[in-house]
Every structure is written in C-alpha cells, then in structure tokens.
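Chain residues, written in single-letter form:
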Amino acid sequence: MSGRLNGKIAIITGAGSRGPGLGNGKATAILFAREGAKVFCVDQMKERAEETVGAIRAEGGEATAHAADVTRAAECAAMVRAAVDRWGGVDILHNNVGIESRKGLLDTTEEEWDRVIAVDLKSMFLATQAAVPAMTRRGAGAVICVSSIAGLRGYGRTAYATAKAGVIGFVRSVAVQLGPKGIRVNAIAPGPVWTPMVQDLGSEARERRRRASPLGTEGTGWDIGWGAVYLASDEARWVTGQTLIIDAGLTVTTPEGSLGASQ
Ligand SMILES: NC(=O)c1ccc[n+]([C@@H]2O[C@H](COP(=O)([O-])OP(=O)(O)OC[C@H]3O[C@@H](n4cnc5c(N)ncnc54)[C@H](O)[C@@H]3O)[C@@H](O)[C@H]2O)c1
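Residues numbered from 1 in each chain as written. Predicted model: local features only at pLDDT ≥ 70, side-chain atom pairs only at ≥ 80, totals over all residues. Heavy atoms only, no water.

Caption draft 1: Structural view of the overall build of the protein chain. Helix and strand counts for the protein chain come out as seven helices and seven strands. Beginning at the N terminus, the succession of helices and strands in the protein chain can be written as β-α-β-α-β-α-β-α-β-α-β-α-α-β. For 263 residues, the compact-globule estimate of 2.2 N^0.38 gives 18 Å, and the C-alpha radius of gyration of the protein chain, at 18 Å, lies within 12% of that figure. Taken along its principal axes, the extent of the C-alpha atoms in the protein chain is 60 × 45 × 40 Å. Residue burial in the protein chain is summarised as follows: out of 263 residues, 50% are buried. Total accessible area computed for the protein chain in this model is approximately 12200 Å², and 52% of it derives from carbon and sulfur atoms. Across the protein chain, the mean location of the 30 positive side-chain charges is 4 Å away from that of the 27 negative side-chain charges. (Helix = DSSP H or I, 4+ residues; strand = E, 2+ residues; numbered from the N terminus. Rg over C-alpha atoms; globule rule 2.2 N^0.38 Å. Buried < 20%, exposed > 50% of the residue type's maximum accessible area, 1.4 Å probe, protein only. Areas by Shrake-Rupley, 256 points an atom, 1.4 Å probe, with all protein chains shown as cover. Lys, Arg positive; Asp, Glu negative; His and termini not counted. Charge placed at Lys NZ, Arg CZ, Asp CG, Glu CD.)

Caption draft 2: Spotlight on the sheet that holds strand 6 (residues 183–190). Pairing within the open sheet is parallel, and its seven strands lie in the order 3-2-1-4-5-6-7. Taken across any chain shown, the strands that pair with only one partner, and hence form the sheet edges, are strand 3 (62–67) and strand 7 (243–246). Here the strands of the sheet are splayed against their neighbours by 20 degrees on average, with no regard to which way each runs. Bridge count between strand 4 (residues 92–95) and strand 5 (residues 141–146): four bridges; the pairing is parallel. By the bridge assignment, L93 is partnered in strand 5 with V143. Here helix 1 (residues 24–34) sits on the sheet in contact with strand 1 (9–13), strand 2 (38–43), strand 4, strand 5 and strand 6, set at roughly 170 degrees to strand 1. (Pairing = 2+ DSSP bridges. Axes fitted to C-alpha atoms, helices over the stretch in contact; angles between N-to-C directions. Contact = heavy atoms within 4.5 Å.)

Caption draft 3: Region of the structure containing the site of the ligand. Residues in close proximity to the ligand total 31 residues, the closest being R18, N24, D43, Y160 and T195. Within the backbone of V70, an N or O atom sits 3.1 Å from a nitrogen atom of the ligand. The backbone of N96 places a nitrogen or oxygen atom 2.8 Å from an oxygen atom of the ligand. Against a free-state accessible area of 860 Å², the protein chains account for coverage of 97% of the ligand. Of all elements in the fold, only helix 1 and helix 5 (158–178) reach the threshold of two or more residues within the shell around the ligand. Broken down by class, the residue content of the shell around the ligand amounts to eleven nonpolar, 14 polar and six charged. (Near = heavy atom within 4 Å. Polar contact = N/O pair within 3.5 Å; in protein donor to acceptor, adjacent residues only side chain to side chain. Nonpolar A, V, L, I, M, F, W, Y, C, P; charged D, E, K, R; others polar.)

Caption draft 4: Seen up close, the packing of aromatic side chains. This structure, assessed with the given rule, holds one aromatic pair. Ring centres of F40 and W87 lie 6.2 Å apart, and the angle between their planes is 80 degrees; this geometry places the pair in the edge-to-face category. Of this pair, F40 sits in strand 2 while W87 sits in helix 3 (residues 73–87), and the two are 47 residues apart along the sequence. For the pair F40 and W87, a shared accessibility class is recorded, and that class is buried. (Phe/Tyr/Trp six-rings, centres within 6.5 Å; stacked < 30°, edge-to-face > 60°.)

Caption draft 5: Here's a closer look at the nonpolar core. Counting 34 residues, the largest nonpolar core has I11, M79, V80, L93 and V185 as the members making the most contacts within it. For this core, the secondary structure elements donating two or more residues are strand 1, strand 2, helix 3, helix 4 (110–138), strand 5, helix 5 and strand 6. Looking at this core element by element, the count peaks at nine residues for helix 4. For I11, the residues in contact, after removing those within four places along its chain, are F40, V42, M79, V80, A83, V90, I92, L93 and H94. Counting residues in each nonpolar core, the second largest holds 29 residues, with V229, L231, A232 and V239 among its members. (Core = buried A, V, L, I, M, F, W, Y, C linked by side-chain atoms within 4.5 Å.)

Caption draft 6: Quick peek at the environment of V70. Here V70 lies in the loop between strand 3 and helix 3. The buried category is assigned to V70, whose relative accessible area is 5%. Sequence spacing of V70 and F125 is 55 residues, and the spatial spacing of their C-alpha atoms is 9.6 Å. The residues touching V70, leaving out its near neighbours within four places in the chain, are T13, V42, C76, M79, V97, S123 and L126.

In structure tokens form, the structure reads like this:
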C-alpha cells in the first residue's frame, strides 16, 4: 500500500459487518488502516467493531473498537471524545451507518420511517456535528457520508430513498459551511454491491443485480472502500460537496441499455 492516509486518525461508524462477509464499513476500515490511518471503529454492536479491529491488527494496522449508537447526540459526542483522548485528534469521519427499508409509501409505518431517517440521515448530522470542533482545531478534515444510488434515482423503497437523498443534501449544505475551515465533506453513492446487508435477497437477485450495470460485474465493499480512501486522502484536497457514484455505470444506463445507436 502507498500510505495515502499516513498519520491520519479516522472514525468509521458502522465499522462492523452485520453478517459473515465484508460490508462497506468493514472494508473501508481495513483499507484506511492499510493506507496508514489509525482507525477508530464504531458500531452499536461492539463485537462487530472488535471483529474489524481484529482483522486490522492481524495485518499489523492500528485500530480500536468503540460502542456507540450514532442516532444519539450524547453517544456521538462521547465517540469523538474517546478518539481524541486516545490519539489526540480526528482527521477523517466516515459516516457509513445505514439500514435498509424495503417498503413503499403505503406500507411504511411511521415507526419504520422514523427509524430509517434516524439511522441513515440523522446519525450523519449528529456525528458530523460532534466531530467538526476537533477537525477545526486541526485546521483540516474530511467527512464522508455513505448515500446510495437509491437517493439519486426513482426508487420504490420510500424511507430509504428519502434518507439517502437527504444525505446528499446534507453533504452539500455542510460542505459550503465547512470549506473555509479546511474541512471537506463528500458523499459516496454505492450501487447494488453485494454485502451482508443484502445477502437475504438470495442468489437470483444477486445475479440480476450483477447483470444490471454496463460493466456487468459484481461490486463489493472494497469498491466502496477505495472511493472512501480517495475522498479521505489529500489527493482529494480540492474536492468537496460532491457525490461519488460507484455503481459499475448503472445510473448512466437508459432503457435501451447497452444497445448501441447502430443497432
Ligand atoms: N449493500 C448495498 O447494496 C448498498 C448500496 C448502497 C448503499 N449502501 C450503504 O452502505 C452502508 C452499509 O454498509 P455496510 O455494508 O457496512 O452494512 P452492514 O449492515 O454490514 O454494517 C453496518 C454496521 O452498522 C451498525 N449500525 C447500525 N445502526 C447503527 C447505529 N445506530 N449506531 C452504530 N452502529 C450502527 C451495524 O451494527 C452494522 O455492524 C449503508 O449506509 C447502506 O445504506 C449499501
């Protein structure tokens, strides 16, 4: 690895994986560590964060696990305090936490709506609000929020799509406010990557998701993690307020798909 994050201190929320395999947060945590960052792995289920920390330490990287529910302001504040106490500051906040709701408008209960908006959107507001004073003290920082292509296109899963579109609005709003402090804020919009979050969809859906994009290959947590490495690194020093779509080209397809003009 090239040490693109050497000396950086990174907080990753949802750094565990909900099941066997590799989620976006876990893959990102491992890549950040391989690139030289100290990684503060946060998950509401501490054993999941500890598993990621174990994988990082097994490779010789530096990481620590912390339990927090990032839908709560006090726990976000405690999370940032703990990272600063341990390593002296925060350079990167990767807001990865997210849960899916697969229901449409008429089937979504008020409770489900509130839960999805809290986990997928409010958590990013609370964690960013908590981390910014520490980044301001260092005169620089990078915040990355995981959205989804569901927030960019018409998508029937109402609460999820709304929260993920909200993440993109949040990133733009905060980027213009934090630019003068040297803090960059960007989003990643993953396409249908194959992670533990969606494994219950089954093999038929897996194949359909793979075939849907122009590249026709399956995306994984690593693909999202590499995007996060770029946005977190100084190589992205002139990039803020953007949404990096990582989807094998799915969002640029048309109903004609791959049929060329000549066909
Ligand atoms: N898999 C896909 O196809 C896909 C597509 C687009 C976007 N995404 C996004 O990627 C992210 C999911 O990444 P993942 O693969 O790491 O998921 P994951 O479910 O494997 O891991 C997320 C972790 O977050 C933790 N978590 C959930 N709520 C929390 C809370 N309130 N506080 C602290 N931790 C909490 C869970 O315990 C879990 O370990 C989400 O934001 C999701 O919307 C995924």
